[in-house]
Structure formats: structure tokens, C-alpha cells
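One letter stands for each residue in the lines below.
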Amino acid sequence: MRHSIPVSATSEAPRARIVREDQPEPEPRWSRLKTLLRLLRRSKEAMVGTAVILLVAATAVFAPFLTGDPLRQDLSVSLQPPGWMPGGDLRHPLGTDVLGRDQLSRLIYAARVSLVVGLVSVVVACVVGVPVGLLSGFLGGWVDSVLMRLADIQLSFPMILLALTIVALLGPSLTNVIITIGITSWVPYARIVRSTVLSLKGQPFVEAARAIGCGTVRILTKHLLPNAWAPVIIVATLQVGRAIIMESSLSFLGLGVRPPTPTWGGILADGRTFIFAAWWLAVPAGLAILITVLGVNLLGNGLRYLIDPRLRVEGLQ
């Protein structure tokens, strides 16, 4: 005699989770962070660059707690030398400018402008350049010809001259400087992404995606774009330093962020007249640009070494 199992018992029974043995579980985020930190420790350049960038960023973020008002003027202490020099005051460790403003305060607050311009302008350049590279490499034909000729036309102009022209038309301001640097820096991203797409669009995994009915947008975003992120990240890291120098150059020429907002380029411009009589007006700002850009470049070179397996193999030989 056969016994039947009640329907209610089967419906209330917990459902077993089917797990494929060949399907790995997703890696936790903290594990990915540990892997990234372990890779960074392998490159001394990346570690030094990361330390410099974190120090500059922390100084800029916590500027209100580290120093006073950078716009406060006191003509009684005009052109006062640094605190360790004869005639200096420890309340102004890096001295004061012509209007009696504390140079250390201005230097720290100027780091905010440089970091914001460097990071946001790189994001703008990626937003413009990455889609252009994807479409140019994947569609080819007249689309590729038109987009790459536009890139060639932009490269034919000196970058600083093009930036000066755009800022002069839009007017000097923080937003306009970011837009100018962003739209004049999209070409490297477009060319790198285009070359990656050209080398991958004929691969079997792309043909398989087409065979199962994936559209152009899905193929670009889910299959081709992830393979181009590594070189894009390296270029973006190096372009941050270039954007900082570009912003400092525009501010030095009077076409950057409007005074009295302190910028490293503006501090250099104010101190060039007194370079021999009051060197502390210009030298600290120049050193700040040098150290920050050097840290960004060291981080970029370290990431390039860690991401590119060919460089790691050459380093072991």
C-alpha cells in the first residue's frame, strides 16, 4: 500500500538553494579592498604617491580646524617674513603677503581649489571621452572617421591656448575652469577606449553576446567597457596632475578662479613682483604644486606597474 505525502507538507517544506559547484561566490567588498591594499604595498611609488595625496587631501578638508581665515587682512604685519626668520612671528609660520594675509592659511585653502579642479575636470573628461571612444571603436565607418577627425583637430591646437580662449569667452570662475579643462582633455580617454574596443569587438565573447540577443548598448557597457577601465584609470590618475598645473597656469595669468579666493597659481602671481625681496610669497606655492603633482604622478606610475602584467614580468627579469 502506497502512502501519499500531503500537499500541505510539501508546500510548507523549505526550498533548497541550488548552488552550482563551478560558480564562485561573489567576493566581499572588504576582501577587494584588502587585495587592492596588498597590491599597492608592492609598489613603493604607489605608496609614496598615495601618502602625499592623502596628506594634501586631509589638509584641504580639515583646513578650518588647522588654520584661520585666509582672507583676513592686517596691514600692520604686511610682508612679514616667516616665523623662524628675524622679524617673523610664529603666528604666521610662512609669513604674510602685501595685505597682511597669512600665507599658510592661503596655501592650505588653495589646496581645496586645486583638488576640486583636478578631480572634477577628470570626471568631465571621462564622461565625454569614454563614450566617444566606445562608439568610435564599435561602430567604425563614418562615425569613427568623424569622431577621430574631431580629436585630431583639437590636438592640433596648443592646449594652453585653447584653454585660454575658452576661459576668456566664458569668463574666469571655478565652474568655467573645470568645464574648460574637462572638454580640452577628453581625447586621451577616447583614443585609449577606442583602441581597446577595436582589439576586443571581434572576440568570441562579443559574438556570443550578439548571438543571445544583446543590444549594442549592453555589449558596450557590460562586455567592452569593463575591459577598458584599467588603462582609463591610469590615464585619469596622471591627468589629475595635469589639471592642477593647468588650473595654476590659468590662475597665474588671471583667467582662473576670481580673487580673493586663494589659489596656488594666484599666490604665485602675487609673489612674482617680490620674488627677491619676499621669496616666501611664491616659493611655498610652487613647492605645493610640485609635491602634489609629483605625488599624483607617482601613484599613476605605480598603478600602471600593478595593472599592466607585462611591466611586472619585465621587472622580475
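Located above this text is the structure these notes cover.
Structure report, in brief.

What counts, and where the lines are drawn
- Residues numbered from 1 in each chain as written.
- Predicted model: local features only at pLDDT ≥ 70, side-chain atom pairs only at ≥ 80, totals over all residues.
- Heavy atoms only, no water.
- Helix = DSSP H or I, 4+ residues; strand = E, 2+ residues; numbered from the N terminus.
- Buried < 20%, exposed > 50% of the residue type's maximum accessible area, 1.4 Å probe, protein only.
- Contact = heavy atoms within 4.5 Å.
- Areas by Shrake-Rupley, 256 points an atom, 1.4 Å probe, with all protein chains shown as cover.
- Salt bridge = Lys/Arg side-chain N within 4 Å of Asp/Glu carboxyl O.
- Patch = residues over 30% accessible without salt bridge, like charges linked within 9 Å, V, L, I, M, F, W, Y side chains within 5 Å.
- Axes fitted to C-alpha atoms, helices over the stretch in contact; angles between N-to-C directions.
- Parallel < 35°, antiparallel > 145°, perpendicular 65-115°, else oblique.
- Left-handed = near helix turned anticlockwise from the far one by under 90°.
- Nonpolar A, V, L, I, M, F, W, Y, C, P; charged D, E, K, R; others polar.
- Phe/Tyr/Trp six-rings, centres within 6.5 Å; stacked < 30°, edge-to-face > 60°.
- Lys NZ or Arg CZ within 6 Å of the ring centre and 35° of its normal.

Attention shifts here to the overall build of the protein. For the protein, the count of helices and strands is 14 helices and zero strands. Here the protein holds 317 residues, and the buried ones make up 41% of them. Relative to all contacts within the protein whose residues are 6 or more apart in sequence, the contacts with residues 24 or more apart total 69%. As displayed, the protein has an accessible area near 18700 Å², and 66% of this comes from carbon and sulfur atoms.

To continue, consider the pattern of salt bridges. Counted by the stated rule, this structure contains seven salt bridges. The salt bridge involving Asp97 is made with Arg106; its shortest N-O contact spans 3.2 Å. An identical accessibility class is assigned to Asp97 and Arg106; each is buried. Here Asp152 makes a salt bridge to Arg191, at a shortest N to O gap of 2.4 Å. You can see Asp152 sitting in helix H6 (residues 141–155) and its partner Arg191 sitting in helix H9 (residues 187–200), a full 39 residues away along the chain.

Turning to its location among the elements, Ala243 is positioned in helix H11 (residues 216–252). Non-local contacts of Ala243, meaning those with residues more than four positions away in its chain, are made with Val117, Gly118, Ser121 and Ile181.

Moving on to a nonpolar patch on the surface. Together, Trp84, Ile275, Phe276, Trp279, Val283, Leu287, Leu290 and Ile291 make up an exposed nonpolar region whose accessible area comes to about 870 Å². Relative to the elements of secondary structure, Trp279 occurs in the loop between helix H12 (264–271) and helix H13 (283–307). Take Trp279: its relative accessible area is 32%, and that puts it in the partly exposed class.

Here we take up the packing of H9 against H11. Two elements in contact, H9 and H11, have axes separated by 9 Å at closest approach and are oriented at 155 degrees. What the angle tells us is that H9 and H11 run roughly antiparallel. The interaxial crossing formed by H9 with H11 has right-handed handedness. Where H9 abuts H11, its residues Pro188, Tyr189, Ile192, Val193, Thr196, Val197 and Leu200 lie against Leu224, Asn227, Ala228, Pro231, Val232, Val235, Ala236 and Gln239. Grouping the constituent residues of the contact of H9 with H11 by class yields 12 nonpolar, three polar and no charged.

Our focus in this paragraph is unusual backbone geometry. The omega torsion of the bond from Pro259 to Pro260 falls at 10 degrees, within 30 degrees of zero and hence cis. With respect to the helices and strands, Pro260 occurs in the loop between H11 and H12. Unusually for a residue other than glycine, Leu79 sits at a positive phi of about 55 degrees. In this structure, Leu79 sits in the loop between helix H4 (63–66) and helix H5 (103–139). In this structure Leu79 comes out as partly exposed when scored by relative accessible area, which is 30%.

Scanning the model with the defined rule gives two aromatic pairs in all. A centroid spacing of 6.5 Å and a plane angle of 50 degrees characterise the contact between Phe62 and Phe65, whose relative ring orientation is tilted. Accessibility expressed as a relative area gives 71% for Phe65, which makes it exposed. Between the aromatic rings of Trp279 and Trp280, the centroid separation amounts to 6.1 Å while the plane-to-plane angle is 80 degrees, which identifies the pairing as edge-to-face. The exposure class assigned to Trp280 is buried, which follows from its relative accessible area of 6%. We note Arg272 situated over the ring of Phe252; from NZ or CZ to the ring centre the distance is 5.0 Å.

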